[in-house]
Amino acid sequence: MVRNENPENEKAVVEAASGDAQTTKATVKRGPKVTKRGAKKEAEQQEDPEVKIETAISNTEQYIIDHSKQLLALLGALVLAAGIFLAVKYVYLPNRAEKAGAAMFVAEQHFAANDYQTALNGDGFNAGFLEVIDKYGSTPQGNIAKHYAGICYLRSGDLDAAAQYLAKYKQTKGVPNRIINAQNYGLQGDIHVQKGEYEKAVSLYSKAVEAGNNSLTSPQYLKKLALVYDRLGRSADALKALERIADEYPMSIEGRDVEKYIGAEQQK
């Protein structure tokens, strides 16, 4: 073995070797640091999809087992609510409607005979409209009874009670009910005319025209509307109402002589 006799050269070689090692260490790139959360996420991504589904199902089953009492109680409450709803809709309400109809039968006969007080209060054996309203007011028959009661009070001269009961009537849908709806608004308009409250009458007669929308009631209330407009000095509005009768309902009773009223209104 040849020994380097120059100590300085030996020292230089050692230092050079040490420097190369440090340089090499510095140039090596450090890999990304893997955290526990990252490792867990990566493991989840690599997990078999079927395993995920099975795990989810297992968790759901465990939830049901853990909360079985609460879920059964909720299910029982829903079934009970559905049962009550069906019983009310298909048993309770039809029975009440049938009883209301039977109770009204005699009262309607008294009404047809113009015996308005007996129709309202009953005859001692059979109910009147007021009792039907009290017991079955939420049924369709009870609703009609409110309309009847309003008419009875109006025919008896009690305008305030008439207005009260007529206003309680709820407008109903369907072609057969249009006439009653229109008559209800129209009668309320008549009450305000008798009280000299013409602006309110205008509003109610206008509603009566649109509620009926037929050749029987609409021209009738258009003519009343024209008369009220005339009393208010609103000749142009009165003329429009009369012309509407001529244009839309010429074959109606009011349409037969409407030209006479139109001519009179045009002269004003």
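Up top you'll find the structure we're talking about.
Just so we're clear, the structure is a prediction, and the values are computed from it rather than from any experiment.

**Description of helix 14 (residues 258–266)**
Among the residues of helix 14, those classed as buried are Val258, Ile262 and Glu265. With its buried residues spanning 65° around the axis, helix 14 presents them on a single face. Of the residues in helix 14, the exposed ones pointing more than 90 degrees away from the buried face are Glu259 and Lys260. Contacts made by the buried residues of helix 14 are with helix 11 (218–231), helix 12 (235–248) and helix 13 (253–256).

**Quick word on the side chain of Asn214**
One can find Asn214 in the loop between helix 10 (198–212) and helix 11. Within the local environment of Asn214, its side chain forms a polar contact with the backbone oxygen of Gly212, the two atoms lying 3.1 Å apart. Not counting chain neighbours up to four residues away, the residues in contact with Asn214 comprise Ile179, Pro219 and Tyr249.

**Focus: the packing of helix 9 (residues 175–194) against helix 11**
The geometry of helix 9 relative to helix 11 is characterised by a closest axis approach of 11 Å and an angle of 25° between their N-to-C directions. In terms of their interaxial angle, helix 9 and helix 11 are classed as roughly parallel. The way helix 9 lies across helix 11 gives a crossing that is left-handed. Contacts from Ala182, Gln183, Gly186, Asp190 and Val193 of helix 9 reach helix 11 at Tyr221, Lys224, Val228 and Arg231. Among the residues making up the contact of helix 9 with helix 11, the classes are represented as 4 nonpolar, 2 polar and 3 charged.

Conventions and cut-offs
Residues numbered from 1 in each chain as written. Predicted model: local features only at pLDDT ≥ 70, side-chain atom pairs only at ≥ 80, totals over all residues. Heavy atoms only, no water. Buried < 20%, exposed > 50% of the residue type's maximum accessible area, 1.4 Å probe, protein only. Helix = DSSP H or I, 4+ residues; strand = E, 2+ residues; numbered from the N terminus. Arc of directions from axis to C-beta. Contact = heavy atoms within 4.5 Å. Polar contact = N/O pair within 3.5 Å; in protein donor to acceptor, adjacent residues only side chain to side chain. Axes fitted to C-alpha atoms, helices over the stretch in contact; angles between N-to-C directions. Parallel < 35°, antiparallel > 145°, perpendicular 65-115°, else oblique. Left-handed = near helix turned anticlockwise from the far one by under 90°. Nonpolar A, V, L, I, M, F, W, Y, C, P; charged D, E, K, R; others polar.

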